[in-house]
Amino acid sequence: MRNDPASTAAAVLARVGGPANVVSVAHCVTRLRLGVADPAAVDEQGLRALPGVLGVVVDGESSLQVVLGPGVVDEVTAAVRAQVGERPVDTAAQVKERLRQRNATPFKTVLRRIAAVFVPLIPALIGCGILAGLGGLLVNAGWLPGLTPALAAVASAFMALIAVFVGYNTAKEFGGTPVLGGAVAAVVVYPGVAKVTAFGVQLAPGQGGVLGALAAALLATRVEKWCRGRVPGALDVLLTPTVTVLVSGLVTLYGLMYAAGVVASAIGTAADWLLTTTGAFAGLILGGLFLPLVMLGLHQALIPIHTTLIEQQGYTVLLPLLAMAGAGQVGAALAVYVRLRHDTSLRTTIRSALPAGLLGVGEPLIYGVSLPLGRPFVTACAGGAAGGGFVGFFAMLGDKVGATAIGPSGWALFPLLAGNRGPGVTAAIYGGGLLTGYAVGFAATYLFGFARRPRVAAPA
């Protein structure tokens, strides 16, 4: 039975020093992200012990992430925001500035802000991806021919305009007017750009994709801020939007779309080359390193790459490889469950977290089982590497496995699978990778995941 979001929010706030100690509230797919004014007031152990809390990650001195799981995190975040309430603007700004100076490294800040642009788009990517897969199945089977065109329109409309949403979120995240960011990014997908020539090449609608939209909105935000400080107040409402859209739009047309298109094409070419020439090795590396990336929050850097591949090729070939890390984690957890028969508390944690792990939510098993034990985290990575190598090997043979959306993994990824050999072959390869990850993660953990007990010398 799911805990009441308001009660969970109240319990979390009580253990982070109360609502007055919270200066920022955000969330991603599975984690509630809180910024706190006084880190000493946080009861980390108390947070971990709360029902419904799957793990806690301390992200610097004054920031922490409370792992709650998909769906639940949205409700609890809303309840936390309601209970925190409004802050005096000057006080909140001062505290946030102190936190920025003390805690934020440039690299982590960039990753966090990029994630804030793309993470809100994931639900739409998932929904449209599943509908696209369903539509493809209906077309291949010859069923409901009168419905499939409408289904294709519903599934494809979001991807056709995703640049606008990226532009809107980018401006919102970086301090600009969201609708101006969306307006400039809309240039990227406007059909009329086909009449524009840049660098001797005729532009195509959508050229540069989400990367072009991201760059366009960032530029629009800079131009808007420049105008706000120089245009007289009486003319601001007329001149600032006009100059922002004009300057940013022209630079987007005559520079950013071309440059972003080159980068996007290079990403697609590199992904194809990586899998067709070094697929097994690439799968080993990607599958083996993804759990540490998730633990450190660095997996957020891959979101724009996934989105670019989905926009460009219809699916991302990287996600199924990375999803194998979760399979290794599940196998390792099962081995811990078998080996530590007398640890009732740990076995209870595994039983409760295993269903989420099978569906691709790995944080409960990472923070509740493998990472605290040490060695099982390493052997879980070995299982992920084996599963990734399995999928990558078939990519070298020409059998691509991709995902039409980002977010889910594990068994939850099956409805989103796509490839070049048909749904049956694609699902079989992905399923084989999961089974390989389970098996190797289990065997490696069972054999090498626990310290050997020292031998006791026999009495003379």
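Residues numbered from 1 in each chain as written. Predicted model: local features only at pLDDT ≥ 70, side-chain atom pairs only at ≥ 80, totals over all residues. Heavy atoms only, no water.

**A word on the overall build of the protein chain**
- Across its full length, the protein chain carries 17 helices and eight strands.
- In terms of overall size, the protein chain behaves like a compact globule, its C-alpha atoms giving a radius of gyration of 24 Å where 460 residues would be expected to give roughly 23 Å.
- The dimensions of the protein chain, computed from C-alpha atoms along their principal axes, are 95 × 60 × 45 Å.
- Taken over 460 residues, the protein chain has a buried fraction of 45%.
- For the protein chain, long-range pairs separated by at least 24 residues make up 72% of all intrachain contacts whose partners lie at least 6 apart in sequence.
- Put simply, the protein chain shows about 21,500 Å² of open surface, and 68% of that area lies on carbon and sulfur atoms.
- Each charge class in the protein chain can be summarised by its mean position, and for the 30 positive and 19 negative side chains these summaries are 8 Å apart. (Helix = DSSP H or I, 4+ residues; strand = E, 2+ residues; numbered from the N terminus. Rg over C-alpha atoms; globule rule 2.2 N^0.38 Å. Buried < 20%, exposed > 50% of the residue type's maximum accessible area, 1.4 Å probe, protein only. Contact = heavy atoms within 4.5 Å. Areas by Shrake-Rupley, 256 points an atom, 1.4 Å probe, with all protein chains shown as cover. Lys, Arg positive; Asp, Glu negative; His and termini not counted. Charge placed at Lys NZ, Arg CZ, Asp CG, Glu CD.)

**A look at the packing of helix H9 (residues 178-189) against helix H11 (residues 233-296)**
- Between H9 and H11, the shortest axis-to-axis distance is 9 Å and the interhelical angle comes to 30°. Compared by their axis directions, H9 and H11 come out roughly parallel. For the crossing formed where H9 meets H11, the hand is right-handed. The segment H9 lies against H11, with Leu180, Val184, Val187 and Val188 engaging Pro241, Thr244, Val245, Ser248, Gly249, Thr252, Leu253 and Met257.
- The class makeup of the residues in the contact of H9 with H11 is eight nonpolar, four polar and no charged. (Axes fitted to C-alpha atoms, helices over the stretch in contact; angles between N-to-C directions. Parallel < 35°, antiparallel > 145°, perpendicular 65-115°, else oblique. Left-handed = near helix turned anticlockwise from the far one by under 90°. Nonpolar A, V, L, I, M, F, W, Y, C, P; charged D, E, K, R; others polar.)

**Here we look at the pattern of salt bridges**
- Per the stated rule, a full pass over the model turns up six salt bridges.
- In this structure, Glu173 engages Arg113 in a salt bridge whose closest nitrogen and oxygen atoms are separated by 3.2 Å. With a gap of 60 residues between them, Glu173 in helix H8 (residues 162-173) and Arg113 in helix H5 (residues 106-118) connect regions that are remote in the sequence.
- Two residues, Asp236 and Arg228, come together in a salt bridge whose shortest N-O distance is 2.5 Å. (Salt bridge = Lys/Arg side-chain N within 4 Å of Asp/Glu carboxyl O.)

**Digging into the nonpolar core**
- Residues Phe118, Ile162, Val166, Leu365, Ile406, Leu413 and Tyr430 are the most contacted members of the largest nonpolar core, which totals 63 residues.
- Residue contributions to this core peak at nine residues, all from helix H13 (residues 318-339).
- Leave out the neighbours within four places in its chain, and Leu413 touches Leu319, Pro320, Ala323, Ala403, Pro408 and Tyr430.
- Leu47, Leu64, Val73 and Ala79 belong to the second-largest nonpolar core, a separate cluster that totals 22 residues. (Core = buried A, V, L, I, M, F, W, Y, C linked by side-chain atoms within 4.5 Å.)

**Points about unusual backbone geometry**
- The phi torsion at Leu144 lies on the positive side, around 45°, for a residue other than glycine.
- Here Leu144 lies in the loop between helix H6 (122-141) and helix H7 (148-160).
- Classification of Leu144 by relative accessible area gives partly exposed; the value is 48%.
- The phi torsion at Phe199 lies on the positive side, around 55°, for a residue other than glycine.
- Structurally, Phe199 is set in the loop between strand E5 (197-198) and strand E6 (201-202).

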